[in-house]
There are 2 protein chains.
Amino acid sequence: MSTSKALPQPDREEIRIEQVLQALGEPVRLQIVRLLADQPDGIACGEIDLQVTPSTRAHHLRILREAGVISTHTEGTRRISSLRREDLDNLYPGLLPGVLAAPR
Amino acid sequence: MSTSKALPQPDREEIRIEQVLQALGEPVRLQIVRLLADQPDGIACGEIDLQVTPSTRAHHLRILREAGVISTHTEGTRRISSLRREDLDNLYPGLLPGVLAAPR
DNA sequence: TGATTAGTTCGACGTTGATCGTACTACGAT
DNA sequence: ATCGTAGTACGATCAACGTCGAACTAATCA
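Owing to the predicted nature of the structure, the values given are computational and were not obtained by experimental measurement.

Peer 1: Requested: an account of the pairing of strand 4 (residues 78-83) of chain B, with residues and values cited.
Peer 2: Residues and elements named next belong to chain B. As defined by bridge partners, strand 2 (residues 43-44) adjoins strand 4 across 2 bridges and the pair is classed as antiparallel. Counted as the bridge partner of Ile 43 is Ser 81 from strand 4. Of the strand pairs in this sheet, strand 3 (residues 70-75) and strand 4 are connected by 6 bridges, and their pairing is antiparallel. Looking at strand 4, one finds that Ile 70 is bridged to Leu 83. If you look at the hairpin formed by strand 3 and strand 4, you'll find 2 residues sitting between the two strands, and Gly 76 has a positive phi there, around 65 degrees.

Below you can see the structure in the form of structure tokens.
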């Protein structure tokens, strides 16, 4: 049976720019966002190669999700995360392209 | 005699997106940026009405300057700060408009 | 059932960060 | 020269944050 449950996240109207910017202003989280930007259909968190432990990774993913930057839903034992590009582009047009234009 | 000395700030190539985002992700600093966005010619720091003491305000202005978000030069006893809009738009096109589009 | 896999939650630890008061510097005016 | 104004620098304090390990949950598979 393929379960697919979405994790709690703020509605578009609830997203606050301060939280978004603070979420993006951390190197590991910015790296996650850059990776997700190349994966329109999302990616399993575990497949993200970061220089941190699983628990730290979970922490950062939670921050991003609660800020409204990413969306995460469960598929079996996996958690698929994806950028909330439409919401962010709507609220802050240009922000995401600008961030992603930055040299790595 | 009208002295006018620019305070040290990173060159455009030295600006790093992580620092910019972190600088913007603090409520007081974001408020400063929003005020400066309406003042193309800059504004004296002291004229900014914030709910913090002068020393805290100086601290935030330094963070913004060192991140490359604002530029500050001395005019007499006053320090005039302004947004580095051209540099930011060049490095991260869309970022600033996106941030400023956010509802207060 | 039991084992495995994917991921989270919790508590702890060390670091960074925001805030303030006080002391200080620099310029301008009297 | 003295005083007032604008702003910075330093040190202290307290809260927030990033990190990890260990224990836990939930789904899958043998």
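Peer 1: Describe in detail the protein's contact with DNA strand D, supporting the description with residues and values.
Peer 2: Among the 20 residues in the neighbourhood of DNA strand D, the closest are listed as Gln22(A), His60(A), Gly46(B), Ala58(B) and Arg62(B). A share of 82% of the atoms of DNA strand D within 4 Å of the protein falls on sugar and phosphate groups. Between a phosphate oxygen of DNA strand D and a side-chain N or O atom of Arg29(A), the distance comes to 3.0 Å. Those elements giving two or more residues to the surface near DNA strand D turn out to be helix 3 (54-67) of chain A together with helix 3 (54-67) of chain B. Per-element tally for the surface near DNA strand D: the top contributor is helix 3 of chain A, with 4 residues. Partitioning the surface near DNA strand D into residue classes produces 5 nonpolar, 11 polar and 4 charged.

Peer 1: Describe the protein's contact with DNA strand C, listing the residues and the values that go with them.
Peer 2: The local shell around DNA strand C holds 23 residues, among which Ala58(A), Arg62(A), Gln22(B), Arg29(B) and His60(B) are the closest. Arg62(A) has a polar side-chain atom sitting 2.9 Å from a phosphate oxygen of DNA strand C. In the environment of DNA strand C, a phosphate oxygen lies 2.3 Å from a nitrogen or oxygen atom belonging to the side chain of His60(B). Among the elements of the structure, helix 3 and strand 4 (78-83) of chain A together with helix 2 (27-37) and helix 3 of chain B are those that each provide at least two residues to the surface near DNA strand C. Within the surface near DNA strand C, the residues separate by chemical class into 7 nonpolar, 11 polar and 5 charged.

Criteria and cut-off values
Residues numbered from 1 in each chain as written. Chains lettered and ligands numbered in written order. Predicted model: local features only at pLDDT ≥ 70, side-chain atom pairs only at ≥ 80, totals over all residues. Heavy atoms only, no water. Pairing = 2+ DSSP bridges. Helix = DSSP H or I, 4+ residues; strand = E, 2+ residues; numbered from the N terminus. Near = heavy atom within 4 Å. Polar contact = N/O pair within 3.5 Å; in protein donor to acceptor, adjacent residues only side chain to side chain. Nonpolar A, V, L, I, M, F, W, Y, C, P; charged D, E, K, R; others polar.

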